[in-house]
Amino acid sequence: MSIIGKVWKYGDDINTDVIFPGKYTYTVSDPHEMAVHALEDLDSEFSDKVHKNDVIIAGENFGCGSSREQAATCLKYAGVGAIIAKSFSRIFFRNAINQALPVIDCKEAADHIETGDKVEINFEKGEIYWKEKVFAFKPLPEEILDIFNDGGLIPHTKRLLKMKKGEK
Amino acid sequence: MGGKTFTEKILALKSGKNSVVSGEIVTVSPDIVLSHDNSAAISKKFKQIGINSVRNPDKIVIPLDHCVPAASEKYADNHKVIREFVRENGIQNFYDINTGVCHQVLPEKGHVLPGTLILGADSHTTTYGAFGAFSAGIGRSEVASIWATDKIWLKVPETIKIVITGKMPFGVYPKDIILYIIGKLGADGVLYKAVEFSGNIVAEMSISGRMTLCNMAVEMGAKNGYVEPDEKTIKWINLRTNKKYEIIKSDTDADYEKIIHYDITKLEPQIACPHTVDNVKAISEVIGTRINQALIGTCTNGRIEDLKIACEILKDNKIAKNTRLLVFPASTEVYVDAMDSGILQTLVKSGAVIMNPGCGPCLGAHEGALAPGEVCLSTANRNFKGRMGCNEAEVFLASPAIVAASALKGEITDARGFLE
């Protein structure tokens, strides 16, 4: 699978409060409504300007702070096709996989690529294509990739439990 | 080949392996799974999995704390969904709105034991490391999946040991120490690592102080925090439960990724400035900054010893005009203690508003939200932009002593002048 999208670049330590403010955590439950608030306290125009498969590029520790899964959900439903960062906060990283939102650790790509650039990402090959350059990234380990390929943790768990039932 | 760290040992034990190495992915069965007001959303995800009831109701603990009592119809409905789910699934360990903040309630109610593995849909789940448990935050889908399968994958992290030594300076508290360390290491300083706190300062520290350290370990990116259990831990636990447990400690020759030493003998009180927790300064650099609201409470600093310090400073004094002081005891147990010992009376007379146990305005959901241009000095653990409900407000973080002293002056104040 590969995607082509336009880049939106942000800095280090982008926290989940600016991605999806705490005041909405228990009042907004529809993922499409969550998408309207994506990155609201960092870039208030984001949800208007983002297009399907656009790519967020960020620095270190993307998604730090709260464990709120809506931070991943709102970006996914806003259309974000992947996030490339120098590093991710661990809970956000897990939440993103569990929502089948691709997260890519790639320092080199995060250094070079800028807002407005076009990038192509091939997830199987673990490659990012930008201008004349190719940046390589390590694809996810198999057991985690499985969750991703099933469309997220909930459908993944559903499939596993069904399989188990079938064995009996 | 060196020995094993606490985290390596417990992840091996809970995944049924003889030993594990950092970087390895293991499947574990947690001892306790925490969720709170987010349990309504989790229950919806759980239903999508397509099974009728949770696999192991005894492992599930659900305190309501994030928005209690309900601030609106939406919140009320949220709580209603949770109460129904809890009833349908026979979940005994449900604590309604009259109990307190989850990270205070779980240890108080005897759910936290040394050598156990606790996961929670809340980033500050790291708190229980103060009792020698492995505890880490996870997401909503993950809790739903554990409810269904009793299992989850975890990657074994490397461990960083932080050794805190010296002599505790006058007017310096565990909050100052952890803010200082976060300031030094940065918001991603121990990203994805297990962190062990040790050294004579930690050994001398109360359980409450150790909870503050482990609570905020996540603010520098830690997966979990840990303090080796000692007599104090055992005494605390045995007061609350007679459940059996086994203490797990790191080997003396364990392989640490790094050992970092801090001598805090000369440490000044610290304060985290807007808008990141690692933007930490010595109190002397920000004295005089005008504040509108002061907040004492939350899972970081809402315990009885925190309220006692505030009481000592506020006794026979009145808070400054045009300044609001909100106090949230972390739990009903703390609330009753503070009531019985006359602390609440003193605080109320000084001008404080005593709120019910809960998370309060820490995450901006209700009660004591800020207006544009306002400044709040809080004992909480986060000061991100918009955190307390308004993205044009500023939040500073400090110890209960500094917050109480600053409420008296209406500006950021060094508490040492008020302490005996």
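Keep in mind that this is a model prediction, so the values were computed, not measured.

Rules of the game
Residues numbered from 1 in each chain as written. Chains lettered and ligands numbered in written order. Predicted model: local features only at pLDDT ≥ 70, side-chain atom pairs only at ≥ 80, totals over all residues. Helix = DSSP H or I, 4+ residues; strand = E, 2+ residues; numbered from the N terminus. Rg over C-alpha atoms; globule rule 2.2 N^0.38 Å. Buried ≥ 20, exposed ≤ 12 C-beta atoms within 10 Å, placed from the backbone. Contact = placed C-beta atoms within 7 Å. Nonpolar A, V, L, I, M, F, W, Y, C, P; charged D, E, K, R; others polar. Pairing = 2+ DSSP bridges. Core = buried A, V, L, I, M, F, W, Y, C linked by C-beta atoms within 7 Å. Axes fitted to C-alpha atoms, helices over the stretch in contact; angles between N-to-C directions. Domains from an automatic or database assignment. pLDDT = per-residue confidence, 0-100. Arc of directions from axis to C-beta.

So, on to the overall build of chain B. When you go through chain B residue by residue, the secondary structure sums to 14 helices and 18 strands. Here chain B has a C-alpha radius of gyration of 21 Å; the compact-globule value for 420 residues is 22 Å, and the two agree. Expressed along its principal axes, the backbone C-alpha trace of chain B runs to roughly 60 × 55 × 40 Å. Here chain B holds 420 residues, and the buried ones make up 60% of them. The contacts in chain B between residues at least 6 apart in sequence include a share of 78% that link residues at least 24 apart.

Across the boundary between the two partners, chain B contributes 44 residues, which contact 34 residues of chain A. Those elements that place two or more of their residues in the side of chain B that touches chain A are α2 (39-49), α3 (73-88) and α5 (140-149) of chain B. Looking at the side of chain B that touches chain A element by element, the count peaks at seven residues for α5 of chain B. In the side of chain B that touches chain A, the residues fall into 17 nonpolar, 16 polar and 11 charged.

Here we come to the environment of Leu 119 of chain B. Here Leu 119 of chain B is to be found in strand β5 (residues 117-120). C-alpha separation for the pair Leu 119 of chain B and Asn 224 of chain B, spaced 105 residues apart in sequence, amounts to 10 Å.

This part is about the pairing of strand β15 (residues 324-327) of chain B. All names here are of chain B. The pairing of strand β14 (residues 293-296) with β15 spans four bridges and is parallel. Each residue of the ladder has a partner; that of Ile 296, found in β15, is Val 327. Of the pairings in the sheet, the one linking β15 to strand β16 (residues 352-354) comprises three bridges and is parallel in character. Looking at the pairing, Leu 325 lines up with Ala 352 of β16.

Residue and element names in this part refer to chain B. In terms of residue burial, strand β9 (residues 194-198) counts as a mostly covered element, since four of its five residues are buried. Pairing between strand β8 (residues 159-165) and β9: five bridges, direction parallel. For Ile 160, the partnering residue across the bridge sits in β9 and is Val 195. As defined by bridge partners, β9 adjoins strand β10 (residues 224-227) across four bridges and the pair is classed as parallel. Residue pairing in the sheet places Val 195 in a bridge with Gly 225 of β10.

Here the focus is the nonpolar core. Counting residues in each nonpolar core, the largest one holds 194 residues, and the members touching the most others are Cys 74, Ile 83 and Ile 84 of chain A together with Ile 271 and Ala 404 of chain B. Residues in contact with Ile 271 of chain B, not counting those within four places in the same chain, are Val 280, Lys 281, Ile 283, Val 286, Phe 396, Leu 397, Ala 398, Ile 402 and Ile 412 of chain B.

Look at the link from Val 68 of chain B to Pro 69 of chain B: it is a cis peptide, with omega at -15°. With an omega of -5°, the peptide bond between Pro 274 of chain B and His 275 of chain B qualifies as cis. Residue placement: His 275 of chain B occurs in the loop between β12 (270-272) and β13 (280-282). A positive phi angle is found at Asn 61 of chain A, which is not glycine, with a value near 60°. As for its placement among the helices and strands, Asn 61 of chain A is situated in the loop between β2 (55-58) and α4 (70-78). Residue class for Asn 61 of chain A comes out buried when judged on the 27 C-beta atoms lying within 10 Å of it. Even without glycine at this site, Ala 100 of chain A takes up a positive phi of about 55°. Tracing the backbone through its elements, the reader meets Ala 100 of chain A in the loop between α5 (90-98) and β4 (103-105).

The next thing to look at is the sheet that holds β8 of chain B. Residue and element names in this part refer to chain B. The parallel open sheet is built from four strands, whose spatial order is β10-β9-β8-β11. Edge positions in the sheet fall to β10 and β11 (258-263), since each of these pairs with one other strand and no more. Here the average twist between neighbouring strands, direction ignored, is 20°.

Residue and element names in this part refer to chain B. Looking at the secondary structure, you find Glu 411 in the segment after α14 (400-409). On the basis of neighbour counts, which here come to 18 C-beta atoms within 10 Å, the residue Glu 411 falls in the partly exposed class. In the structure, Glu 411 is positioned 86 residues away from Leu 325 in sequence and 12 Å away in space, judged by C-alpha atoms. Apart from residues lying up to four places away in sequence, Glu 411 is in contact with Gly 288, Thr 289, Arg 290, Ile 291 and Ser 406.

The subject of this paragraph is the domain arrangement of chain B. Residue and element names in this part refer to chain B. As assigned here, chain B comprises domain 1 (6-262) and domain 2 (272-417). Spacing between the C-alpha centres of domain 1 and domain 2 amounts to 24 Å. Tallying the contact residues gives 32 residues for domain 1 and 32 residues for domain 2. Take the side of domain 1 that touches domain 2: its biggest share by element is six residues, from helix α6 (residues 174-185). The residue inventory of the side of domain 1 that touches domain 2, partitioned by class, reads 12 nonpolar, 15 polar and five charged.

When pLDDT drops low, the exact placement of atoms in the prediction is not to be read closely. Taken over all residues, the pLDDT of chain B has a mean of 97, while the share at 70 or more is 100%. The ipTM for the predicted assembly is 0.94, set against a pTM of 0.96.

Turning next to helix α1 (residues 6-14) of chain B. Residue and element names in this part refer to chain B. Extensive coverage of α1 is indicated by the burial of eight of its nine residues. Buried within α1 are the following residues: Phe 6, Thr 7, Glu 8, Lys 9, Ile 10, Leu 11, Ala 12 and Lys 14. Phi turns positive, to about 70°, at Gly 16, one or two residues after α1.

Moving on: helix α13 (residues 343-350) of chain B. Residue and element names in this part refer to chain B. Looking only at α13, the buried set comprises Ile 343, Leu 344, Leu 347 and Ser 350. Viewed along the axis of α13, the buried residues span an arc of 125°, placing them on a single side of the element. Among the structural elements, α11 (304-314), β15, α12 (332-340) and β16 are those in contact with the buried residues of α13. Just beyond α13, the residue with positive phi is Gly 351, at close to 115°.

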